[in-house]
Amino acid sequence: MKNRVTQAFDFLESREAGSFSATVRFCLEHGGVVHAAPDCFLAGVPCADDAGCLYVVFQCSHLPALRRVLLSLGWCERVRWGRGMAGRGDGYGTRERAVADFCRHEDFGTGLTKDC
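Everything quoted here is computed from the prediction, not taken from an experiment. (Residues numbered from 1 in each chain as written. Predicted model: local features only at pLDDT ≥ 70, side-chain atom pairs only at ≥ 80, totals over all residues. Heavy atoms only, no water.)

Asks: Could you clarify how one ought to interpret the overall build of the protein in this entry?
Replies: Looking only at helices and strands, the protein features four helices and five strands. Secondary structure of the protein in N-to-C order comes out as α-α-β-β-β-α-β-β-α. Buried residues in the protein amount to 42% of all 116 residues. When contacts within the protein are restricted to residue pairs at least 6 apart in sequence, those whose partners lie at least 24 apart make up 48%. Surface accessibility of the protein: about 6200 Å² in total, with carbon and sulfur atoms responsible for 52%. (Helix = DSSP H or I, 4+ residues; strand = E, 2+ residues; numbered from the N terminus. Buried < 20%, exposed > 50% of the residue type's maximum accessible area, 1.4 Å probe, protein only. Contact = heavy atoms within 4.5 Å. Areas by Shrake-Rupley, 256 points an atom, 1.4 Å probe, with all protein chains shown as cover.)

Asks: Could you clarify how one ought to interpret the sheet that holds strand E5 (residues 94-98) in this entry?
Replies: Within a sheet, neighbouring strands are paired by backbone hydrogen bonds and run either parallel or antiparallel to one another. A sheet is described by the order of its strands in space; here five strands give the open sequence E1-E2-E3-E4-E5, paired in mixed fashion. Every other strand in the sheet has two partners, leaving strand E1 (33-37) and E5 as the edge strands with one partner each. If you compare each strand with its neighbour and ignore which way they point, the axes differ by 25° on average. Against the sheet, helix H1 (residues 4-15) engages E1, strand E2 (40-47) and strand E3 (50-61), with an angle of about 85° to E3. Against the sheet, helix H2 (residues 19-29) contacts E1, E2 and E3, and its axis sits at roughly 40° relative to E2. (Pairing = 2+ DSSP bridges. Axes fitted to C-alpha atoms, helices over the stretch in contact; angles between N-to-C directions.)

Asks: Even after reading the chapter, I still don't get the nonpolar core, so can you show me in this structure?
Replies: The tendency in soluble globular proteins is for nonpolar side chains to be buried side by side. Formed by 14 residues in total, the largest nonpolar core has its most connected members in Cys40, Leu42, Leu54, Val56, Leu70, Leu73 and Val79. Every element with two or more residues in this core is listed here: E2, E3, helix H3 (63-72) and strand E4 (78-82). Ranked by the residues each element gives to this core, the list is headed by H3, at four residues. Counting eleven residues, the second largest nonpolar core, distinct from the first, contains Phe11, Phe20, Val24 and Val45. (Core = buried A, V, L, I, M, F, W, Y, C linked by side-chain atoms within 4.5 Å.)

Asks: Sorry, what's going on with H1 here?
Replies: Note on helix geometry: an α-helix contains 3.6 residues per turn, so any two residues three or four positions apart are oriented the same way. Across its twelve residues, H1 extends 17 Å between first and last C-alpha, which sits within 8% of the 16 Å expected from 1.5 Å per residue. Those residues of H1 that sit buried are Arg4, Gln7, Ala8, Phe11 and Leu12. The arc that holds every buried residue of H1, seen down its axis, measures 120°, which confines them to one face. Structurally, H1 contributes buried residues whose contacts are with H2, E1, E2 and E3. Sitting at the amino-terminal end of H1 is Asn3, which places a side-chain oxygen 2.7 Å from the backbone nitrogen of Val5. (Expected span 1.5 Å × (residues − 1). Arc of directions from axis to C-beta. Polar contact = N/O pair within 3.5 Å; in protein donor to acceptor, adjacent residues only side chain to side chain.)

Asks: Explanation requested: the environment of Glu96 in the structure shown.
Replies: Checked against the element boundaries, Glu96 lands in strand E5. Counting along the chain gives 16 residues from Glu96 to Arg80, while the straight-line C-alpha distance between them is 4.2 Å. Ignoring anything within four residues of it in the chain, the contact list for Glu96 reads Cys53, Arg78, Val79 and Arg80. There is a polar contact of 2.5 Å between the side chain of Glu96 and the side chain of Arg78. Engagement of the side chain of Glu96 in a polar contact is seen with the side chain of Arg80, the distance being 2.7 Å.

Nothing here speaks to function; it is geometry throughout.
Following this line, the structure appears as structure tokens:
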């Protein structure tokens, strides 16, 4: 299995050259989170309307690894993500869940995780 950071890089760069570094830079410039590990790549920023909510800009991981990372963020009470990045197009809007619920239920977050 390919390293998730490598998969994220390959996926983003295949969409547009420089998009991996632009995603990382955007998150860091906006006080966000960039987690890069072999089993999980996560880039997100605090939501403008709720500082306790993380908006996932991009992620590439298996659900258990993503859950572990979200639980390690002490300030993050909710997680929000756009469903367009999962290959569904921009017309699907966003979803939001409490991190505790997201991590407790097997079906929450299935629209967020996919193989890159």
